[in-house]
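Results of the structural survey
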Amino acid sequence: MNPPLIDSHCHLDFPDFAPERDAVVASARAAGLVRLITISTRVDKVAQVRAVAEAYDDVFFTVGTHPHEAHLDPEVPAEKIAELARHPKCVGIGEAGLDYHYDRAPRDVAARVFRTHIKAARLSGLPLVIHTRDADADTAAILVDEMGKGAFKALLHCFTAGAELARTGLELGLSISFSGVLTFKKSDALREIAARVPADRLLVETDAPFLAPAPHRGKRNEPAFVVETARVLAATRGVAYEEIAATTTANVLALFDKMPAPPRAAVAA
């Protein structure tokens, strides 16, 4: 049996999974996954994410608006986000942040929405899931500024940024999650960063249905494939796969501490 793992970031509400969501969740369980966190990309559409989490005992969700959608939900107050997060299965805020690769929302709007989500993380006490792409300096500046206003828990998800943002995030107490990008042939620089992240700050994820890891690259990603990312992370750090599975599982449960730990029987399996 595979050791227990948690996919800390997937999108089970996306249409890619609609016809076979039960099978995808069953496949994840068969691969050893004991928890899945399905991530919101739009506050105004969180009901569909919540419905997916409510359908499975081992699936939990977040509430937030992705930077691609920031201009569509620009005025949602932090108080509303925090209120929605009171649902028993909501374990985080986000994903929110900055994305200068596609620039689908005006940068000033995305920054304002990002700060609103940080406030919601403070109000709720839940961790913020941060999306950042090609925006290292501005992301770091906002995080430093906001942390100075009051502490909040956060995670740099699907980390593909540079070493400087990793350093800043770690100094601020953030965790870092690695996706299938870690397994790509041209990701040597990313693997160098992953090798140096403190063990108690490491998470793994799929970002499914995107970014399938090798050897599944080019296919639709799914939570079960997080096993491949964990294997590469273990090799990168020179430790056993079982150690990475245990470490990342413990780290997810510590960060997303509203999420109940899986039954001991599931972990023992």
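The rules behind these values
- Residues numbered from 1 in each chain as written.
- Predicted model: local features only at pLDDT ≥ 70, side-chain atom pairs only at ≥ 80, totals over all residues.
- Heavy atoms only, no water.
- Core = buried A, V, L, I, M, F, W, Y, C linked by side-chain atoms within 4.5 Å.
- Buried < 20%, exposed > 50% of the residue type's maximum accessible area, 1.4 Å probe, protein only.
- Helix = DSSP H or I, 4+ residues; strand = E, 2+ residues; numbered from the N terminus.
- Contact = heavy atoms within 4.5 Å.
- Salt bridge = Lys/Arg side-chain N within 4 Å of Asp/Glu carboxyl O.
- Pairing = 2+ DSSP bridges.
- Right-handed = clockwise from strand over helix to strand, strands pointing away.

In this section: the nonpolar core. If you look at the biggest cluster of nonpolar residues, it comprises 77 residues, and the most contacted ones within it are L5, L12, I93, L128, F159 and F178. By residue number, the principal contributor to this core is helix 4 (residues 107-124), which donates 8 residues. Apart from the residues lying within four places of it in its own chain, the contact partners of L12 are F17, R21, V24, V25, L36, T38, V52, V59 and P223. Counting 14 residues, the second-largest nonpolar core is a separate cluster that includes I6, I37, L155 and M259.

Before going further, it helps to spend a moment on the pattern of salt bridges. Charged atoms that come close allow side chains of opposite charge to pair. Counted according to the given criterion, the structure contains 19 salt bridges. In this structure, D58 and R29 form a salt bridge, with 2.7 Å as the shortest nitrogen-oxygen distance. One end of the pair, D58, is in the loop between helix 2 (46-55) and strand 3 (59-63); the other, R29, is in helix 1 (residues 21-30), with 29 residues separating them in the sequence. D58 sits in the buried class, given a relative accessible area of 11%. Here R115 makes a salt bridge to E146, at a shortest N to O gap of 2.7 Å. Of this pair, R115 sits in helix 4 while E146 sits in helix 5 (residues 136-149); the two residues are 31 residues apart in sequence, bridging distant segments of the chain. Since its relative accessible area comes to 4%, E146 is described here as buried. Linked by salt bridges that have partners in common, R115, R122, D145, E146 and K149 make up one network.

Bringing the environment of E69 into the picture now. If you trace the backbone, E69 turns up in the loop between strand 3 and helix 3 (78-84). Separated by 17 residues in the primary sequence, E69 and R86 place their C-alpha atoms 23 Å from one another. Leaving out residues up to four positions away in the same chain, E69 has contacts with T41 and R42.

The next subject is the pairing of strand 1 (residues 5-10). For strand 1, the buried fraction is high: 6 of the 6 residues fall into the buried class. With 4 bridges connecting them, strand 1 and strand 2 (residues 33-38) associate as parallel partners. Of the residues in strand 2, the one forming a bridge with C10 is T38. Handedness of the crossover joining strand 1 and strand 2 through helix 1: right-handed.

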